[in-house]
Amino acid sequence: MACRVQHSIQSSFWFLSSTPFRNTLNPRKNFFKNRISFGKELFFSSSSRTALYCTCSSSSSGGGDKDVFLTNGVGGDDSFVLTTPLYYVNAPPHMGSAYTTIAADAIARFQRLLEKKVIFITGTDEHGEKIATAAAANGSSPNEHCDVVSQAYKALWKDLDISYDKFIRTTDPKHEAVVKEFYSRVLANGDIYRADYEGLYCVNCEEYKDEKDLLDDNCCPTHLKPCVKRKEDNYFFALSKYQQQLEEVLKQNSGFVQPSYRLNEVQGWIKNGLKDFSISRASVDWGIAVPNDSKQTIYVWFDALLGYVSALLEDSELASLDTAISSGWPASLHLIGKDILRFHAVYWPAMLMSAGIGLPKMVFGHGFLTKDGMKMGKSLGNTLEPTDLVQRFGPDAVRYFFLREVEFGNDGDYSEERFIRMINANLANTIGNLLNRTLGLLKKNCQSTLAVDSDVAAEGNEFKAAVEKLVEKARVHYQNLELSAACETVLEIGNAGNLYIDGQAPWTLFKQGGTAFETAAKDLVVVLEAMRIISIALSPITPGLSLRIYSQLGYSKEQFNAVSWSDTKWGGLKAGQVMAQATPIFARIEDGTEAETKSAATKKVKKEKTPKSKSPVEA
């Protein structure tokens, strides 16, 4: 679904690259082929239009929000289909879209560690009035414009280590075929009609607005620009017809919309009454033609939402709605920004009901990002460009900061000072330095070779029990989409490791020899086993850093790619395993002040060490 609103809040950077990202973690093909295709008879009673739509994977929930949450696809069966919005290509990617996608990637990577069959879907929404306008402004055709911006998204996702499985573009012919078939099915169900409509229209939102929701001078509350009066002959979707069904869905499954405060918003919208909405435009040429009226194009929201379904098709498959549905629908999780919650939690479920298709299991609306406490915008000169951040600090630092700093679901703020302080403290010091000094001691005293199995080394050791408890705690946090808490919990293992090695002081024990030497050798194995567990548990957040840790512990990249969450169980390291040469896995970031101070100090030292010219006697 298009991030049409959020894009205007957070400005973007024109980022071009010709290298598409090819995901190396594609799921096995056709593993969904035997899943059930949802027909109308599953949802509609012949005597009533108020049949319930089950969005749970289990009916045995204990009744609390947490229990409902855990059974709503974020942990259910052996498959997991996850989507980001389909990002609107009127301009290149920005930090808001990068944040959503980083979070989605962390969730997808965790689900793969649980050995789920994951399909991670992202893509671009490429139809609509703003696309044609943006293309004309750049002197290009809409197709050319979409190609360039879509490629910019793929390039940024590659730089951020995004492991998507499907990248759908709404200009794909397969997508168009699915949209037309879906439209025809809804039309046949009697839920599409033609009517004149006159109202206040926000060009940026591409949506008619209720006057009561606008600011003074009929300004859109999101874009702060006046809405314009428009009168059009359009096709409408009978959203109001599904008010009772939507109320029942939210009543029966409180976990359908998360976090819970987003659910309250959705319930408020529905309670205030649902109005039918326009699903076509007569004045827009750049779009998919309405099947029964070539003079109109399908409204972008009614078009783009179907990308979540059409993306499930394989390249070699015949493009049909039923084939796409049988290939993995319903989605386990739609991850979106809160600005497009209404479209995903109200419009989209009603559309699916009309077509007789099962609902997604969960819609999660996260918050917005600000910079130094202020909304970002070009006019304020405080935009935050994801490409700039990645180039300066690397993908692991960017991924870690936003997932650790922002409580997932809430708004979050970026401060460069806080960014540098957190990354240095957590990644460079707590984790990086612990590994580096432990491997250094192992090389100096044990020829980089483990003396005993990690199970043997930890016998009777309370540190092992503490690590096991923290790992389980991290798993629960990941499972509940509490990404910041998951980061914090894994970091606790690193903190515990530093306290342990400082308390044991193996550098002193090695000097004593005998049994003290043996104790010190075991202590190093214990700490390195904790580092092995950290590398796996943190890999959804920082995949590159985790690979570097795993490699220094003597494993190959292939072995790292094959790990699962079960490998966080204590006991992986074995006697005789040879560790790699200790090299810093994460360089400390110097801020401007540190860099200037160090540069000045260097110049001073050089100046002081410059020898004076010697006289012949002195020589």
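A brief report on the enclosed structure follows. Here the structure is a predicted model, which is why all the values come from computation and not from measurement. (Residues numbered from 1 in each chain as written. Predicted model: local features only at pLDDT ≥ 70, side-chain atom pairs only at ≥ 80, totals over all residues. Heavy atoms only, no water.)

### Brief notes about the overall build of the protein chain
Piece 1. Counting its secondary structure elements, the protein chain contains 23 helices and 15 strands.
Piece 2. Within the protein chain, buried positions represent 57% of all 619 residues.
Piece 3. Long-range pairs, those at least 24 residues apart, make up 79% of the contacts in the protein chain with a sequence separation of at least 6.
Piece 4. If you sum the accessible surface of the protein chain, you get close to 25,700 Å²; carbon and sulfur atoms cover 50% of it. (Helix = DSSP H or I, 4+ residues; strand = E, 2+ residues; numbered from the N terminus. Buried < 20%, exposed > 50% of the residue type's maximum accessible area, 1.4 Å probe, protein only. Contact = heavy atoms within 4.5 Å. Areas by Shrake-Rupley, 256 points an atom, 1.4 Å probe, with all protein chains shown as cover.)

### Details of the pairing of strand S4 (residues 192-202)
Side-chain positions along a regular strand alternate between the two faces of the sheet.
Piece 1. In this structure, S4 lies alongside strand S6 (residues 228-237), joined through 10 bridges in antiparallel fashion. Across the sheet, Ala195 pairs through a bridge with Asn234, a residue of S6.
Piece 2. One ladder, built from 3 bridges, connects S4 with strand S5 (residues 207-209); its direction is antiparallel. Its bridge partner being in S5, Tyr201 is matched across the sheet by Tyr208. (Pairing = 2+ DSSP bridges.)

### Looking at the sheet that holds strand S2 (residues 117-125)
Within a sheet, each strand pairs with its neighbour through backbone hydrogen bonds, oriented either parallel or antiparallel.
Piece 1. With parallel pairing, the 6 strands of this open sheet are ordered in space as S3-S2-S1-S12-S13-S7. Here the strands that pair on one side only, and so sit at the sheet edges, are strand S3 (166-169) and strand S7 (257-258).
Piece 2. Across 8 bridges, the pairing between strand S1 (residues 79-88) and S2 is parallel. When the sheet's bridge partners are listed, Tyr87 is paired in S2 with Thr124.
Piece 3. Packing of helix H3 (residues 95-113) onto the sheet brings it into contact with S1, S2, strand S12 (333-337) and strand S13 (363-366), and relative to S1 it is tilted by some 170 degrees. (Axes fitted to C-alpha atoms, helices over the stretch in contact; angles between N-to-C directions.)

### Some details on the packing of aromatic side chains
Piece 1. Scanning all chains against the criterion turns up 32 aromatic pairs.
Piece 2. Note on Phe402 and Tyr414: the rings are 5.9 Å apart at their centroids and 20 degrees apart in plane angle, and the pair reads as stacked. Here the residue Phe402 occupies a position in helix H14 (residues 395-405), and Tyr414 occupies one in strand S15 (residues 412-414), the gap between them amounting to 12 residues.
Piece 3. By relative accessible area, Tyr414 is classed as buried at 1%.
Piece 4. Seen from their ring centres, Phe510 and Phe517 are 4.8 Å apart, and the 70 degrees between their planes marks the pair as edge-to-face.
Piece 5. Among the aromatic residues, those joined into a ring-pair cluster are Phe182, Tyr183, Phe237, Tyr242, Phe277, Trp301, Phe302, Phe343 and Tyr347.
Piece 6. Looking at Arg342, its charged tip hangs above the ring of Trp269, at a distance of 4.4 Å from the centre. (Phe/Tyr/Trp six-rings, centres within 6.5 Å; stacked < 30°, edge-to-face > 60°. Lys NZ or Arg CZ within 6 Å of the ring centre and 35° of its normal.)

### Some words on the nonpolar core
A general feature of soluble globular proteins is that nonpolar side chains tend to end up buried together.
Piece 1. In this structure, Trp157, Phe402 and Phe419 are the most contacted members of the largest nonpolar core, which totals 111 residues.
Piece 2. Sort the elements by how many residues they give to this core and helix H20 (residues 514-537) lands first, with 14 residues.
Piece 3. In this structure Phe419 touches Phe393, Ala397, Val398, Phe401, Tyr414 and Ile589, once residues within four positions along its chain are discounted.
Piece 4. Counting residues in hydrophobic clusters, the runner-up holds 61 residues, among them Ile119, Tyr183, Val266 and Trp301. (Core = buried A, V, L, I, M, F, W, Y, C linked by side-chain atoms within 4.5 Å.)

### A look at the pairing of strand S11 (residues 293-298)
Piece 1. Pairing analysis gives 2 bridges linking strand S9 (residues 280-281) to S11, with the strands arranged antiparallel. Pairing of Arg281 across the sheet is with Thr297, part of S11.
Piece 2. Taken together, the 2 bridges between strand S10 (residues 289-290) and S11 define a ladder with antiparallel strand orientation. Bridge assignment links Ala289 to a residue of S11, and that residue is Thr297.
Piece 3. What sits between S10 and S11 in their antiparallel hairpin is a turn of 2 residues.

### Remarks on unusual backbone geometry
Piece 1. Each neighbour pair has its own omega, and for Gln258 with Pro259 the value is -10 degrees, a cis peptide bond.
Piece 2. A cis amide bond links Trp329 with the next residue in sequence, Pro330, at an omega value of 10 degrees.
Piece 3. Mapped onto the secondary structure, Pro330 falls in the loop between helix H11 (321-326) and S12.
Piece 4. One non-glycine residue with positive phi stands out, namely Glu115, at about 65 degrees.
Piece 5. Among the secondary structure elements, Glu115 is positioned in the loop between H3 and S2.
Piece 6. For Glu115, a relative accessible area of 59% translates into the label exposed.
Piece 7. Phi is positive for Gln447, which is not a glycine, with a value near 55 degrees.

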